[in-house]
Amino acid sequence: MKSEVVAHNPKPKRDTSKASAASAIVHAQKRADRERGRQQDRTLLPEISVLIDHARQNYSSKRPDNSTPSDFGRIEMLIIQGKYILRAIAYRKGSIQALEQWDIEDDAELPFEKQIYNHLFIDAACHDIVETAQALHLTPELAAFEVKVLEAAVPWMEQNPDNIEWLDEIKTELVARQRGEDTYHPVRRPVGRPPKAVKNSERPQSFVRDRYV
């Protein structure tokens, strides 16, 4: 009796060409983002150092009281926030506007270049910058830096509209500064009898959301 030979059809090979091509595109995009960010860093980081020295020479470091930052402290924060905004956009970091803190904790532990997200609410940071620019006289150098930051941030916010606040106010500030206007207008304290003190138990509790991660 002849033995029967059963032919086994070989398992078809998986076509990985499309997956490989998609992976190559992703890696190429990451390299391009990293190189663009590094190219900006070559001029931005020295500029930040110069601006901080400039602010130290032009703004007081004296604090009015323990709960109020000095003028230099506020300007320094403006510069630092501006630096982070520009770097996050140049490196194409992902928006966290609609995410929760625990969604991105692991990412925050990575070196900056390897992080996927920007770890900053850009709208809130821009709003802080605008408030500082309107509360203190900016030197021409700092006004130019504010314009540079907002010119990068406004298109980013328009392209990432989820959970964006204060955009109209930020755009109004940008347009005014682009025209060369000084938007400085300090808040005037009311003149006259101070308001009646309110007990803590009677004071309404405002909702406060920490916009920074």
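As the structure is a prediction and not an experimental result, all values here were calculated from the model.

For glutamate 165, the location among the structural elements is in the loop between helix H5 (140–159) and helix H6 (167–178). According to the relative accessible area criterion, glutamate 165 is partly exposed, its value standing at 32%.

Here the focus is the packing of aromatic side chains. All told, the structure shown has two aromatic pairs when counted by the stated rule. On the numbers, 6.1 Å between centres and 80° between planes, the contact of tyrosine 84 with phenylalanine 112 is edge-to-face. Highlighted residues: tyrosine 84 in helix H2 (residues 71–90) and phenylalanine 112 in the loop between helix H3 (105–108) and helix H4 (122–135), separated in sequence by 28 residues. Take tyrosine 84: its relative accessible area is 24%, and that puts it in the partly exposed class. Each ring, one from tyrosine 91 and one from phenylalanine 112, has its centre 5.1 Å from the other, and the planes form 90°; the classification is edge-to-face. Residue tyrosine 91 is found in the loop between H2 and H3, and its partner phenylalanine 112 is found in the loop between H3 and H4; the two are separated by 21 residues along the sequence.

Our next topic: the environment of glutamine 57. Within the secondary structure, glutamine 57 sits in helix H1 (residues 17–58). For glutamine 57, a relative accessible area of 67% corresponds to the exposed category. Placed 15 residues apart in sequence, glutamine 57 and phenylalanine 72 show a C-alpha to C-alpha distance of 8.9 Å.

Across all of its chains, the model carries twelve salt bridges by this definition. Linking aspartate 33 and arginine 92 is a salt bridge whose minimum nitrogen-to-oxygen distance equals 3.2 Å. Of this pair, aspartate 33 sits in helix H1 while arginine 92 sits in the loop between H2 and H3, and the two are 59 residues apart along the sequence. Overall, aspartate 33 belongs to the buried group, its relative accessible area being 9%. The class of arginine 92 is exposed, set by a relative accessible area of 53%. Here aspartate 182 and arginine 177 are joined by a salt bridge, their closest N and O atoms 3.8 Å apart. Aspartate 182 sits in the partly exposed class, given a relative accessible area of 42%.

This part takes up H2. Its 20 residues place the ends of H2 29 Å apart at the C-alpha level, agreeing with the 28 Å of an ideal helix rising 1.5 Å per residue. Turning to H2, its buried residues number three or more, namely Phe72, Ile75, Leu78, Ile79, Gln81, Gly82, Ile85, Leu86, Arg87, Ala88, Ile89 and Ala90. Once H2 finishes, arginine 92 follows within two positions and takes phi at roughly 55°, a positive value.

Conventions we followed
- Residues numbered from 1 in each chain as written.
- Predicted model: local features only at pLDDT ≥ 70, side-chain atom pairs only at ≥ 80, totals over all residues.
- Heavy atoms only, no water.
- Helix = DSSP H or I, 4+ residues; strand = E, 2+ residues; numbered from the N terminus.
- Buried < 20%, exposed > 50% of the residue type's maximum accessible area, 1.4 Å probe, protein only.
- Phe/Tyr/Trp six-rings, centres within 6.5 Å; stacked < 30°, edge-to-face > 60°.
- Salt bridge = Lys/Arg side-chain N within 4 Å of Asp/Glu carboxyl O.
- Expected span 1.5 Å × (residues − 1).

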